[in-house]
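Listed here are the chains, written in short residue letters.
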Amino acid sequence: MSLTTLSVFANWISDRIYLPRYIRALVAELEARFVTIEADVAAVEAASAVRGVVTANVADLGAFTVAGNDGLTYTAGQRVLLAKQTTTTQDGIYVVGTVAVGAAPLTRASDWAAASVQPGASEIKVDEGTAFAKTTWYPSVGGNVTVGTTSPAFYPKRIKAVSAALAGTPGTLAITAQWIKSASASIVLLTRKNPAGTTGDLSYGTLTAGAGDGSFTITSTGNETSTIAYEIVNAE
């Protein structure tokens, strides 16, 4: 039950049942606290959100190419998550500076400032992107993250995609370039997107871990050429 639902329910009760004055005062106080808590939660969620995620190394943080990042072109003031820097301690949330000739400097966001300590349970919500829109990322390193010192090892909690058509007898397809935390901490959910051929039971093979370079194979017991919707779930 959400805080808003609790507040509405409390008002509904107080309007229909006689309550002593002190109980009504308590209800009013609780309602005010609910509003404050919801505002605080909304503020935290907004602060931890980014427009998109960049999974290629940004060689020069002073000259970030703003176009061609998961289908997005960034403008000044927008927030971006760098998730796979070659220097892994550079990973984190950045703010895009003034754009000139297609490039802009990146500076660490105030909520992910250098030397700040981030909880290991931090979550970063990605708003847009061809592949990563509406995904939530987290540092998988375990324990707190000291920004600029700890390598966060970001992974998406869940990520969805649709495969090409299966092929062969039986139908099979290798899925590559995936974000898979580990064979033991990740699973894949499979459903047919466009059934074709003789359908059978779907399964996936051994997961090969990788941050954008993980892989697995989808196999059917039937000679099918279906496309498969798959969702990778990475446990925290």
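All figures in this text were calculated on a predicted structure; none of them were measured in a lab. (Residues numbered from 1 in each chain as written. Predicted model: local features only at pLDDT ≥ 70, side-chain atom pairs only at ≥ 80, totals over all residues. Heavy atoms only, no water.)

Student: Before we move on, can you summarise a nonpolar patch on the surface with the specific residues and values?
Tutor: On the surface, I187, L189 and Y204 cluster together into a nonpolar patch covering about 240 Å² of accessible area. When you line up the elements, L189 lands in strand 15 (residues 186-194). (Patch = residues over 30% accessible without salt bridge, like charges linked within 9 Å, V, L, I, M, F, W, Y side chains within 5 Å. Areas by Shrake-Rupley, 256 points an atom, 1.4 Å probe, with all protein chains shown as cover. Salt bridge = Lys/Arg side-chain N within 4 Å of Asp/Glu carboxyl O. Helix = DSSP H or I, 4+ residues; strand = E, 2+ residues; numbered from the N terminus.)

Student: Describe in detail the nonpolar core, supporting the description with residues and values.
Tutor: Counting 30 residues, the largest nonpolar core has L81, W137, F216, I218 and Y230 as its most contacted members. Breaking this core down by element, the ones donating at least two residues are strand 9 (124-126), strand 10 (136-139), strand 12 (154-156), strand 14 (172-180), strand 15, strand 17 (210-220) and strand 18 (227-234). Residue contributions to this core peak at four residues, all from strand 14. Apart from residues no more than four positions distant in its own chain, Y230 is found in contact with I159, K160, A161, V162, S163, I175, Q178, V188, L189, L190, F216 and I218. Ranked by size, the runner-up nonpolar core spans 12 residues in total, among them F64, V80, L82 and A104. (Core = buried A, V, L, I, M, F, W, Y, C linked by side-chain atoms within 4.5 Å. Buried < 20%, exposed > 50% of the residue type's maximum accessible area, 1.4 Å probe, protein only. Contact = heavy atoms within 4.5 Å.)

Student: How would you explain the sheet that holds strand 17 if you had to name every residue and give the values?
Tutor: Pairing is antiparallel across the open sheet formed by three strands, whose spatial order is 14-17-16. Strands with a single pairing partner mark the edges of an open sheet, and in this sheet they are strand 14 and strand 16 (202-204). On average, each strand axis in the sheet is tilted by 30° relative to the strand beside it, whichever way the strands run. Relative to strand 17, strand 14 runs antiparallel, the two sharing seven bridges. Directly across from L173, in strand 17, lies its bridge partner I218. (Pairing = 2+ DSSP bridges. Axes fitted to C-alpha atoms, helices over the stretch in contact; angles between N-to-C directions.)

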